[in-house]
Amino acid sequence: MRKFVKVILGLTAGILIVLSMLYYLQEKLIFLPTKLDNQYQYSFEEPFEEFFITRPDGARLNALHFKRDNPRGIILYFHGNAGNLDRWGEEVLGLVRRNYDLVVMDYRTYGKSSGKLSETALLEDAQAFYDYVAEINDKKKIILFGRSLGTAMASYLSSRNQTSMLILETPFYSLLDVAKERFPILPVDMLMKYPFKTHLYLQDTNCPIVILQGDQDRVVPISSALKLFQSLEGKQRTFVKIEGGSHNNLKTFDDYQLALNKLLTPHTF
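All of these numbers come straight from a predicted model, not from anything done at the bench. (Residues numbered from 1 in each chain as written. Predicted model: local features only at pLDDT ≥ 70, side-chain atom pairs only at ≥ 80, totals over all residues. Heavy atoms only, no water.)

Among the structural elements, Pro33 can be located in strand 1 (residues 32-33). Judged by relative accessible area, Pro33 falls into the partly exposed class, the value being 34%. Taking the C-alpha atoms as reference, Pro33 lies 6.4 Å from Asn84; in sequence the two are 51 residues apart. The residues touching Pro33, leaving out its near neighbours within four places in the chain, are Asn81, Gly83, Thr109 and Tyr110. (Helix = DSSP H or I, 4+ residues; strand = E, 2+ residues; numbered from the N terminus. Buried < 20%, exposed > 50% of the residue type's maximum accessible area, 1.4 Å probe, protein only. Contact = heavy atoms within 4.5 Å.)

This is the structure:
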């Protein structure tokens, strides 16, 4: 009997240790930033300005503003969970070359950005960048574009602000939903500090919503994006499935480029 009790206590202790690690280390699982020295000089093939926004808690957030002559509008872009602006500045050049101004920021702890991570802070930071864009642009010409993790921020903003269109590349129903699928035996509802309930944000969104998703995505499965799409019944929504596309290569497919060409044309406004 004593041996049995010891086994149970040992298993219980082990489980509690694992759960504690998942709770306290989940930032390291979700966010994969690459730091940059504050003196680092960006270099891109399109004109841009680097700037910072300082938040009330002292966080200093780094961003790039790509500028075009006589742009069709402006895209506020929220990137994925890995890297920094050195990478994402290159990634967005295809959008800029469709003759759009574009603003992309680094989240707290990414690149040159500082500050303490939390779901609330990330969403409020996103609003600060919308405010920056809205001050210098017609709100009817603002497009919100989110990629992977950034789809949560873009969706949140679309529920609270005026925008002409919301484009979501590899989105999830919620990050909580993705975690449940990956860790079905764990009580992720209690552990998750970053649920990012995209489906709830979008219930208050009134602009056209476009989802771009590859059917071979192993990071955010297409089932999560379809579940999100189905939750938007009654809204102006479009789902573009990229056959053979995975999480990080959609831009290499003709169907993806054709979809963006169709979306990002003057008649959009």
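For the rest of this paragraph, the subject is the nonpolar core. Counting residues in hydrophobic clusters, the biggest one holds 53 residues, and the most contacted among them are Leu76, Phe78, Phe129, Met153 and Phe196. For this core, the leading source of residues is helix 5 (residues 119-136), giving eight residues. Not counting the four nearest positions on each side in its chain, Met153 is found in contact with Phe78, Tyr107, Leu122, Leu123, Ala126 and Phe196. Judged by nonpolar contacts, the second largest core, of 30 residues, contains Tyr77, Trp88, Ile167 and Leu264. (Core = buried A, V, L, I, M, F, W, Y, C linked by side-chain atoms within 4.5 Å.)

For Asn249, the location among the structural elements is in the loop between strand 10 (237-242) and helix 11 (254-263). A relative accessible area of 23% places Asn249 in the partly exposed class. Along the sequence, Asn249 and Gly214 sit 35 residues apart, while their C-alpha atoms lie 8.7 Å from each other. Among the polar contacts made by the side chain of Asn249, one reaches the main-chain amide nitrogen of Ser246 at a distance of 2.8 Å. (Polar contact = N/O pair within 3.5 Å; in protein donor to acceptor, adjacent residues only side chain to side chain.)

Okay, the layout of surface pockets next. Each pocket or cavity is described by its volume, and for the largest pocket that value is around 520 Å³. Lining the largest pocket are 20 residues, and of these Leu29, Ile30, Leu175, Arg182 and Met192 sit closest to its centre. Elements that contribute at least two residues to the lining of the largest pocket include exactly helix 2 (26-30), helix 7 (175-182) and helix 8 (188-191). For the lining of the largest pocket, the element with the most residues is helix 7, which contributes four residues. (1 Å grid on protein atoms, 1.4 Å probe; cavity = no way out; pocket = protein on both sides within 12 Å on 5 of 7 lines; lining within 4 Å. Points joined across faces, edges and corners; volume = space filled by probe spheres on them.)

A separate point is the sheet that holds strand 7 (residues 142-147). The sheet built from eight strands is open, its strands ordered 2-3-6-4-7-8-9-10 with mixed pairing. For this open sheet the edge positions go to strand 2 (48-54) and strand 10, each flanked by a neighbour on one side alone. Taken pair by pair, the neighbouring strands of this sheet meet at an average axis angle of 20 degrees, ignoring direction. Across four bridges, the pairing between strand 3 (residues 60-66) and strand 6 (residues 101-105) is antiparallel. Bridging across to strand 6, Ala63 finds its partner in Met105. Contacts between helix 6 (residues 150-158) and the sheet are confined to strand 4 (74-78), strand 7 and strand 8 (165-169), with strand 7 contributing the most and set at about 150 degrees to the helix. (Pairing = 2+ DSSP bridges. Axes fitted to C-alpha atoms, helices over the stretch in contact; angles between N-to-C directions.)

Now for unusual backbone geometry. Of note, the phi angle at Thr109 is positive, near 80 degrees, even though the residue is not glycine. By the element assignment, Thr109 lies in the loop between strand 6 and helix 5. On the accessibility criterion, Thr109 (22% relative accessible area) is partly exposed.

All right, on to helix 11 then. Three or more residues of helix 11 are buried, namely Tyr256, Ala259, Leu260 and Leu263. Buried residues of helix 11, seen end-on, are gathered within an arc of 95 degrees and therefore sit on one face of the element. Exposed side chains of helix 11 directed beyond 90 degrees from the buried face belong to Asp254, Leu258 and Lys262. (Arc of directions from axis to C-beta.)

Tracing the chain through its elements places Arg108 in the loop between strand 6 and helix 5. Judged by its relative accessible area of 2%, Arg108 is buried. Look past the residues within four positions of Arg108 in its chain and what remains in contact with it is Arg55, Asp57, Ala59, Leu61, Ser113, Ser114, Gly115, Lys116, Leu117, Ala121, Leu122 and Asp125.

Turning our eyes to something else, we now look at the pairing of strand 3. Looking along a regular strand, one sees the side chains alternate between the two faces of the sheet. Of all seven residues in strand 3, six are buried, a share of seventy percent or more. A loop of five residues connects strand 2 with strand 3, the two strands running antiparallel in sequence, and Gly58 in this loop sits at a positive phi of about 95 degrees.

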